[in-house]
Amino acid sequence: MPGHILVLDPAPAMQALLAHNLVGAGYRVSCALEARGALALLAADPPDVLLLEWELPDASGIALLRQVRQDGALCDLPIIMVSARDSEQDKVLALESGADDYLCKPFGPREMLARVHALLRRRAPAALRAATTVLRLDPRTRRVTAGNVPVNLGRVEFKLLHFLMDHPGTVHSRAQLLDQVWGHAAYLDERTVDAHVGRLRQALQPGGCGHRIETVRGSGYRYLAFDAAVCA
């Protein structure tokens, strides 16, 4: 799996937005609204990355950051400080207190995902490479594997994945996907595409590849190829 992310943010809407994008990228996500709850989660189920909001209702994010860095079991935990504070002084304080990265609000989901991905890549390159080089599709046998995990896809999800893998990195609108996957004669609501993309991501997630199907807001979907292969 790509990794386990703990999101600590006192604003439910922001927390839900971060969790939604992380889950969509294939990550397992835990959430906390305050420092006390986060400390309990850190002890019970240590994450691979902590997204830590500076402003918390029961503690300062900086104080919690320093506390985590003094914990022998968590001292190496990758931490991204998240804050609306944008001064150089605040960024330096966070980094000198032990943050590995600093994400200034407002930010887009793609920037957040890129920073999480980069931090995991630096901390565990071998594990991350294994998680991003394993998706294979054989159109002759209709077999799909993610790592060593067989992926069972319905007919439409298989055609959708095959088409996207044939055009890596290219953004396709929902209308284009309806034409290419369902056919020009199909008269379907474009939300049908969203439903099947969701099923496809869910099927790929156990093998760590759910994040390969990327939503491009306002445009459609694209496939993040890495070195995945369509067998000839």
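The structure this text deals with has already been given above.
Now for a look at the structure at hand. In every chain, residue numbers begin from 1 and rise along the written sequence. Per-residue local features of the predicted model are confined to residues with pLDDT of at least 70, and side-chain atom pairs are confined, for both listing and counting, to 80 or more; whole-chain, interface and lining totals are unaffected and use all residues. Side-chain numbers come from the whole structure's heavy atoms, not from hydrogens or water.

For helices the rule is a DSSP run of H or I covering at least 4 residues; for strands it is a run of E covering at least 2, with both sets numbered from the N terminus onward. Counting its regular elements, the protein chain contains nine helices and 11 strands. Taking the contacts inside the protein chain whose residues are at least 6 apart along the sequence as the reference set, 59% of them involve residues at least 24 apart. Reported accessibility uses the Shrake-Rupley method at a 1.4 Å probe radius. Residues are deemed covered only where the shown protein chains occlude them. Element-wise, carbon and sulfur atoms account for 52% of the exposed surface of the protein chain, whose accessible area totals about 11,700 Å². For this analysis, residues touch if any pair of their heavy atoms sits within 4.5 Å.

What follows is about the pattern of salt bridges. Counted as salt bridges are all cases of a side-chain nitrogen of Lys or Arg within 4 Å of a carboxyl oxygen of Asp or Glu. Evaluation of the coordinates by the stated rule reveals 12 salt bridges. A salt bridge links Glu-214 to Arg-110, with the shortest nitrogen-to-oxygen separation between them at 3.6 Å. Of this pair, Glu-214 sits in strand S9 (residues 213-216) while Arg-110 sits in helix H5 (residues 109-123), placing them 104 residues apart in sequence. Between Arg-140 and Asp-138 there is a salt bridge, and its shortest N-O distance comes to 3.3 Å. Classification of Arg-140 as exposed rests on a relative accessible area of 61%. For Asp-138, a relative accessible area of 12% gives the class buried. Because the salt bridges share partners, they merge into one network encompassing Asp-9, Glu-53 and Lys-105. Exposure classes here rest on a 1.4 Å probe applied to the protein chains alone. A residue is buried below 20% of its type maximum, exposed above 50%, and partly exposed in between.

Ring pairs shown here join Phe, Tyr and Trp side chains whose ring centres sit within 6.5 Å, with only the six-membered ring taken for Trp; geometry is labelled stacked below 30 degrees between planes, edge-to-face above 60, and tilted in between. For the structure on display, the rule yields zero aromatic pairs. The rule for a charge over a ring is simple: NZ of Lys or CZ of Arg within 6 Å of the ring centre, and within 35 degrees of the ring normal. The side chain of Arg-142 reaches across the aromatic face of Phe-158, ending 4.3 Å from its centre.

Turning our eyes to something else, we now look at the nonpolar core. Side chains of nonpolar character tend, in soluble globular proteins, to be buried together. Counting residues in each nonpolar core, the largest one holds 24 residues, and the members touching the most others are Leu-135, Leu-161, Leu-204 and Ile-213. Contributing elements (two or more residues each) for this core: strand S6 (135-138), strand S7 (143-146), helix H7 (155-166), helix H8 (174-182), helix H9 (191-204) and strand S10 (220-223). No other element matches the seven residues that H7 contributes to this core. Leave out the neighbours within four places in its chain, and Leu-204 touches Leu-135, Val-151, Leu-161, Cys-209, Gly-210 and Ile-213. Put simply, buried Ala, Val, Leu, Ile, Met, Phe, Trp, Tyr and Cys residues joined by side-chain atoms within 4.5 Å make one nonpolar core.

For the rest of this paragraph, the subject is the pairing of S7. Of the two faces of S7, the one holding Val-144 and Ala-146 is buried and the one holding Arg-143 and Thr-145 is not buried anywhere. By the bridge criterion, four bridges tie S6 to S7 in an arrangement that is antiparallel. Following the sheet pairing, Leu-135 is matched in S7 by Ala-146. Strand pairing follows a simple DSSP-based rule, namely that at least 2 bridges must link the two strands. The hairpin turn running from S6 into S7, its antiparallel successor, is four residues long, and Arg-142 in that turn takes a positive phi close to 60°. With three bridges connecting them, S7 and strand S8 (residues 149-151) associate as antiparallel partners. Bridge assignment links Thr-145 to a residue of S8, and that residue is Pro-150. As consecutive antiparallel partners, S7 and S8 are separated by two residues, and within that stretch Gly-147 has a phi angle of approximately 70°, a positive value.

Across the sheet, five strands lie side by side as S2-S1-S3-S4-S5; this open sheet has parallel pairing. Looking along the sheet, the strands with just one partner apiece sit at the ends: strand S2 (28-32) and strand S5 (101-104). This sheet shows a mean twist of 20° between the axes of neighbouring strands, independent of strand direction. Across four bridges, strand S4 (residues 79-83) lies against S5 in parallel orientation. In the strand pairing of S5, Met-81 is matched with Tyr-102. Between N-to-C directions, angles cover 0 to 180 degrees, with each direction set by a line fitted to C-alpha atoms, over the stretch in contact for helices.

Now for the packing of H7 against H8. A pair of packed helices is characterised by two quantities: the angle between their axes and the separation of those axes. At a minimum axis distance of 10 Å, the contact between H7 and H8 shows a crossing angle of 115°. Of the possible angle classes, the one that applies to H7 and H8 is roughly perpendicular. For the pair H7 and H8, the sense of crossing is right-handed. The segment H7 lies against H8, with Val-156, Lys-159, Leu-160, Phe-163 and Leu-164 engaging Leu-177, Gln-180, Val-181 and Trp-182. An angle below 35 degrees is treated as roughly parallel, one above 145 as roughly antiparallel, one from 65 to 115 as roughly perpendicular, and anything else as oblique. We call a crossing left-handed when the near helix sits turned anticlockwise from the far one by less than a right angle, and right-handed when that turn is clockwise.

Moving on, we get to the environment of Gly-147. Looking at the secondary structure, you find Gly-147 in the loop between S7 and S8. A relative accessible area of 29% means that Gly-147 is categorised as partly exposed. Separated by 62 residues in sequence, Gly-147 and Cys-209 place their C-alpha atoms 8.9 Å apart.

Take helix H1 (residues 12-24) next. Helix length check: H1, at 13 residues, gives a terminal C-alpha distance of 18 Å against a target of 18 Å (1.5 Å per residue), a fit within 8%. Those residues of H1 that fall on the buried side of the exposure criterion are Gln-15, Leu-18, Ala-19, Asn-21 and Leu-22. The buried residues of H1 occupy one face: seen down the axis, they fall within an arc of 165°. Every exposed residue of H1 that faces more than 90 degrees away from the buried side is listed here: Pro-12, Ala-13 and His-20. Take the number of residues in a helix, subtract one, and multiply by 1.5 Å to get its expected span. This arc corresponds to the set of directions leading from the helix axis out to the C-beta atoms.

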